[in-house]
Amino acid sequence: MKPHLYIIAAILILFIGSNTSAKTNNDLIKANYLYSHLDFHEAIGYYRKVSVDLNDPEVLSRLGDCYKLTNEPKEAANWYAKAIQLNGCPNDTKLHYAEVLMTLQQYDDAAKLLVQYQKSKPDDTRIANLISSCRDIKNMMQQPPDASIVFQNFNTDGSDFGPALRKNELFFTADTIINAPSKTNEWTGKSFYKMYKVSCDMGNNCSTAISNIGSKINTKYHDGPCVFSADGNQMYFTRTNYKQKVLIKKPVPDASDVVHLQIMIASDYDENTKKYKKVKPFVYNSDDYSTAHPAISKDGNVLIFASDMKGGTGGSDLYICYRDSSGNWTQPQNLGKNVNTEGDEMFPYISADSVLYFSSNGLPGFGGLDIYAARWDNETQTFGKPDNLGMPVNSSYDDMSLTLRDDGNTGYFASNRPAIKKSDNIYFYNKQQIFLSLDIVDDATNKKIDGSNVILQSKNDKHTLSSNDRGEIFTRLFPQSMYTVAARKNGYDQVEINISTLDIKKSDTLHREIRLKPNFNITYDVVVYDEGTHQPLDNPVLVLYENGKSKADTISLNTGQVYTTTLNMDKLYSVYGLKDNYYGNEKTFSTKGISPQSGSVKLSDTLFMKRLKVGEVYKVDNIYYDYNKANIRDDAKPSLDRLLELLNKYPEMHIQVNSHTDCRGSDAYNMHLSDARALSVIKYLQERGIKASRLMSKGYGKHMPVEKCKCENCTEQQHQNNRRTEFQIISM
């Protein structure tokens, strides 16, 4: 909760009771008085003086609150850390401390505190969301951004937020005194918020000449933020609740001495004077709660705003009103738990395509307020589950008040993240996705290289990819970044190129080529994966042998380890994986035809092993038959020996051997041939000691092809893929 969140000041008051100590310490009395009246900036000095002699947990906790609420998270963390070490520390201090730690990106420590705090509020979904955020933060931060952002030069030395577009002008709210009557906001020690404007074109070029929008709108107290009707003739804005009394204007508090906020509606815009002639209050304003941060739909018939009225889900909720046939606003309805949490939801904005953008500190995010998008569902007549806009729009600090241009892709938002100017600043938002299409090419042969290792690295991004079987890589890049792209493969010299997205303003795909020069060598990389999960298999064993030699290399691998070895030219190799409760196909590959003239070569394989499970079907590779014959050839025996080993290892396993043919020939011929081939496998296994009771066979002929090509158009490889032998586990 920061100065721009003054809508929830009333919630804070509810937690301020009588002083925990009856001491007649004048500094403590002054500090507590200032704290209870939201004068956090002034209260800091008194609390610091008191803390020297009085090691009181509530004093230290409130000092942390003061720093937190005036946007000094490091100082806040320091005092909260001291407070929670003492007996009698307020329970909410753990929550406030955790929020500050999230802002400082100390997520592990924040999660520990939140888990402790959750015990006192087990049903609070906000706390569950915050814990989930801390635990999933690494994954969230690694997601490629969908936008680029640019700091705006018109930002003042104060707090600037709540951007709103009216034609070629950008309105915003600030606590910097710029030709405006204003008092001091005791919370921050700065001016009350006022609304200003600058001129902007469609290319994110805004003037630094800031104009005050006039005393008709700006008063001596808080004014802003605002939003405009589609034609610009109406302005809906937030204002401190005050009334005219004789010659003075005075804020109106509720029964608890809290001054709330109200929504005002300015109308009858005069193009000559550039001012609104009339200002009236929103019909559902109240002296007992705040209505603030209005958002209006493009057709002017939907109004969404933030309020802390009774009956809500949390501190500040979002409510919706509809304009009826008489032009009046219907009774506000809470947007419900899809949107609202036990935390605070505020700063709504309704886009032209009925997407609700808003800020929340109660949904999963990076810390503080994050910006979310929720789409309207016409069937349910509600907004759906909100999506976090991700980085760089969101940060661990407060990110809020997004507004978009009519194109739906560009706009502005505010954040109090560290920047060249302190406090809240306004940023330009440009929604874009940038992709890289990269070809890796052998410089000697001009052929594309598969299995190349490519590292893409920028200031905010680093990831490693491998080129596919076409020598291509397709990936997302971060906007506004300078990348170094390094491509390498055994047998080739590494090559680096630079790729920049700094000048790209829209979504785009960059096409680049990297040419690798060979330094001859034949290497082989292999990794073992789980076929079901497509994740690295835990600690498999790899068996690699050169055909014709009796000795095989057996290697124990770590999870995800890529095994690399050097191969001989003009040889045939076989490789397979071993793992308890798994079956893996044997693969055969050749180095024939590779020579120094063709450049260095790196062969890469991913061996997939499939978990043993009753009912599953497993392919037995490298089972070859002579044409029109069913006898087992010598070159098929190694693969069948793998199946034999499996059956010997699991003596309770019963299987059915399935045989398939290609599409050539008649149905009857292929059924007979597939039956004969399946039986030949059964015979091979029986001759080597497997009981007949454990074995079944079935021929499917050509009726279950894996290649769906028309028979006359099938390639020889497709025919071979269809001529396959499989086994299915019946029981084990």
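Computed from a prediction, not measured in an experiment: that's the story for all the values here.

Novice: Whenever I open this one, the pattern of salt bridges confuses me. Can you help?
Specialist: A side chain of one charge can pair with a side chain of the opposite charge when the charged atoms of the two come close. Tallying each qualifying case throughout the model produces 35 salt bridges. Ionic pairing is found between Glu472 and Lys448, a salt bridge with its closest N-O pair at 3.3 Å. You can see Glu472 sitting in strand β29 (residues 472-477) and its partner Lys448 sitting in the loop between β26 (434-442) and β27 (453-457), a full 24 residues away along the chain. Residue Glu472 is classed as partly exposed on the basis of its relative accessible area, which comes to 26%. A relative accessible area of 43% means that Lys448 is categorised as partly exposed.

Novice: Looking at this model, I keep getting lost on the sheet that holds strand β31 (residues 495-500). Mind explaining?
Specialist: Pairing between the strands of a sheet is mediated by backbone hydrogen bonds and can be parallel or antiparallel. Read across the open sheet, the four strands follow the order β28-β27-β30-β31; overall the sheet is antiparallel. Edge positions in the open sheet fall to β28 (462-466) and β31, since each of these has one partner strand only. In this sheet, adjacent strand axes meet at a mean angle of 20° when their direction is disregarded. Pairing analysis gives five bridges linking β27 to β28, with the strands arranged antiparallel. Counterpart to Gln457 in the pairing with β28 is Lys462.

Novice: What should I look at first to understand the layout of surface pockets in this one?
Specialist: Empty space left among the atoms is revealed by rolling a probe the size of a water molecule over them. In this model, the second largest pocket occupies a volume close to 830 Å³. Sorting elements by how many residues they give to the lining of the second largest pocket places strand β1 (residues 147-151) first, with five residues. In terms of residue class, the lining of the second largest pocket is made up of 15 nonpolar, nine polar and two charged.

Novice: Would you mind going over the packing of aromatic side chains with me for this structure?
Specialist: Working definition: an aromatic ring pair is given by the centre-to-centre distance plus the angle between the planes. In total, this model carries 25 aromatic pairs according to the counting rule given. Plain terms: the ring middles of Trp376 and Phe383 are 4.9 Å apart, the flat faces sit at 70° to each other, and that makes the pair edge-to-face. Both rings, one in Tyr412 and one in Phe428, keep their centres 5.4 Å apart while their planes meet at 70°; by these two values the pair is edge-to-face. Taken together, the residues span a long stretch of sequence, with Tyr412 in strand β24 (residues 410-415) and Phe428 in strand β25 (residues 425-431) at a distance of 16 residues.

Novice: Explain the side chain of Asn722 here, please?
Specialist: Summarising the element assignment, Asn722 is placed in helix α11 (residues 716-722). Excluding residues within four positions of it along the chain, Asn722 makes contact with His660, Thr661, Asp662, Pro705, Val706 and Glu707.

Rules used in this analysis
Residues numbered from 1 in each chain as written. Predicted model: local features only at pLDDT ≥ 70, side-chain atom pairs only at ≥ 80, totals over all residues. Heavy atoms only, no water. Salt bridge = Lys/Arg side-chain N within 4 Å of Asp/Glu carboxyl O. Helix = DSSP H or I, 4+ residues; strand = E, 2+ residues; numbered from the N terminus. Buried < 20%, exposed > 50% of the residue type's maximum accessible area, 1.4 Å probe, protein only. Pairing = 2+ DSSP bridges. Axes fitted to C-alpha atoms, helices over the stretch in contact; angles between N-to-C directions. 1 Å grid on protein atoms, 1.4 Å probe; cavity = no way out; pocket = protein on both sides within 12 Å on 5 of 7 lines; lining within 4 Å. Points joined across faces, edges and corners; volume = space filled by probe spheres on them. Nonpolar A, V, L, I, M, F, W, Y, C, P; charged D, E, K, R; others polar. Phe/Tyr/Trp six-rings, centres within 6.5 Å; stacked < 30°, edge-to-face > 60°. Contact = heavy atoms within 4.5 Å.

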